[in-house]
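# Overview (structure and organization)
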Amino acid sequence: MNKLRIGRIGLTLLLACGLITASASVGPMATAAGTGLGYESQTLSVGGKTIALQLARIDVNNPYLRVMSVTAQGGIGHIESLASFVKRTGASVAVNGTFFDAYAANAAERYPNGLLLNAGETVFSGSNQALAIPVGKVPDIRRLSLKVEMTLTAPSGERYTFKPWSVNRYYGTANAEQAVLFTRAFGTRISFPGVKAVVKGGRIVSVTEGTATVPEDGQVLLIGKADMNQRNILPSVKAGNQAEIRQTVIDLETGKVYETSELQAAVGVGPKLVTNGKTDVNPSRDGFTDAKITTGSGTRSFAGVDAKGQLVLGVSSAATIKELAGALVKLGLTEAMNLDGGASSGLYAGGAMKRTPGRELSNAIIVKRYAKPQVQVFVNGRMVNEIYGYMEKDLTMVPLRGIFERLGATMAWDGTGQVLTVRRGGTELKLRLNSREAVVNGRSVALDASPVVADGRTFVPLRFAVTALGGQVSWDNRLYRASITAP
């Protein structure tokens, strides 16, 4: 690991003296562009029965690849074909994810049944055996459960803490006691009966019983008007009150608690199939009683980890859960779990649909390959999970807003002049798109590359971001991670 220390003697002096001579000093000297993806088919015999497997192996350490949990285009509760998932996301590999309410009468209420996390954010609540992709890029399967806690604080200092029922699931008009958090993963508007509090920037910005718009970077808290809520929660639901939301994931086997930001993605399904390279099938332990799962035979999908630590996603011919587990042990997987199966079972890999699901899906696990190596960015120990940096030849480009917002900076965008102004403490930065010159406290400084906009975010060279903060950065070549420490 290479370390670069920058003293706090002033941004302008650091840049003028050129104390950092090349941004490559905080990044890799060269990048291997291997695909990190492989497709194969195998036929195995288990108890005298032949089981055909089609699968993809994914090297999650490859910086060009990211594993994601994705939901249908219309949001939580909606459905979409696997082929459409692939086309819309640009996936190189895609497999169906967790079970969902496929037979719900309302086509907008086909909710998932398992935990879904993506980019460090909760997509859907759940408590299941789950495929977890930590930011440390060591895939695993664990029994995970989401915990949500919310604290509302009035200007007087009076506080009220409670636990919302879930994230992104509506329980119907008959459940007036519900309190649910909704994010943009559900949709843009919430119009269910009840009181809606719009939360943004850690504060309630508005309260309505009408339709509420979900902020892109916020939530809507829906509170039913049952007597208990009117006595306990609603008195604290006022515009201007602070709203602290803490979402954590608990490992139900070890009791360890993770921040959701520690997980790049997670998909909860089950039952578990393989643990430590041995068959581990206990449907009742994992919450399954339906004979289709416990004893029935059918086409199935699965997720697992092989002896090299690679992620394995695939589908099988008709098999019972125990038969599939036996086949995956023979395949050499050290950990594995069942995904949704039957008509939902589908796999895209190797540039073709290997199995087309017989129905549209509510969610999928995808692997996306990027044209440029993706760079994890940490600021004072916390990951900027919503958007990665990237390598551009020998430069590391990082998201300016993701870094500075975590340090309390304010930003203003001048669309006419294409200028972004950033203020933090006594420092003011002015950046113009497509210009290799920045203005720092009224003085011009040169940049290694012009600020650019991608996916609605402004990216700047890592060297500039570090010097602007007066801090230090370390580089982890295995994880392609730039860790910035700043005062």
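This text follows the structure it describes.
Because the structure is a prediction, the values reported are computed rather than measured.

Before going further, it helps to spend a moment on unusual backbone geometry. Between Gly270 and Pro271 the backbone carries a cis peptide bond, its omega angle lying at 0 degrees. Within the fold, Pro271 resides in the loop between strand E20 (263-269) and strand E21 (272-275). Although it is not a glycine, Asn434 adopts a positive phi angle of roughly 65 degrees. Position of Asn434 relative to the elements: it lies in the loop between strand E35 (427-432) and strand E36 (437-440). Its relative accessible area of 68% is what places Asn434 among the exposed residues. A positive phi angle, near 50 degrees, is found at Asn441, a position not held by glycine. With respect to the secondary-structure elements, Asn441 resides in the loop between E36 and strand E37 (443-446).

So, on to the sheet that holds strand E22 (residues 278-279). In space, the seven strands of this open sheet follow the order E2-E3-E24-E23-E25-E21-E22, with antiparallel pairing throughout. Because the sheet does not close on itself, it has two edges, and the strands there are strand E2 (37-46) and E22. By the bridge criterion, two bridges tie E21 to strand E25 (residues 333-338) in an arrangement that is antiparallel. For Val274, the partnering residue across the bridge sits in E25 and is Ala336. The sheet contacts of helix H5 (residues 321-331) involve E2, strand E3 (49-58), E21, E22, strand E23 (298-306), strand E24 (311-319) and E25, and relative to E3 the element is tilted by about 55 degrees.

So, on to the pairing of strand E4 (residues 65-71). Extensive coverage of E4 is indicated by the burial of seven of its seven residues. Side chains Leu65, Val67, Ser69 and Thr71 of E4 all project onto a buried face; the interleaved residues Arg66, Met68 and Val70 project onto the opposite face, where all are buried too. Both E4 and strand E28 (residues 363-369) contribute to a ladder of seven bridges, which runs antiparallel. Directly across from Val70, in E28, lies its bridge partner Ala364.

What counts as what
Residues numbered from 1 in each chain as written. Predicted model: local features only at pLDDT ≥ 70, side-chain atom pairs only at ≥ 80, totals over all residues. Heavy atoms only, no water. Helix = DSSP H or I, 4+ residues; strand = E, 2+ residues; numbered from the N terminus. Buried < 20%, exposed > 50% of the residue type's maximum accessible area, 1.4 Å probe, protein only. Pairing = 2+ DSSP bridges. Contact = heavy atoms within 4.5 Å. Axes fitted to C-alpha atoms, helices over the stretch in contact; angles between N-to-C directions.

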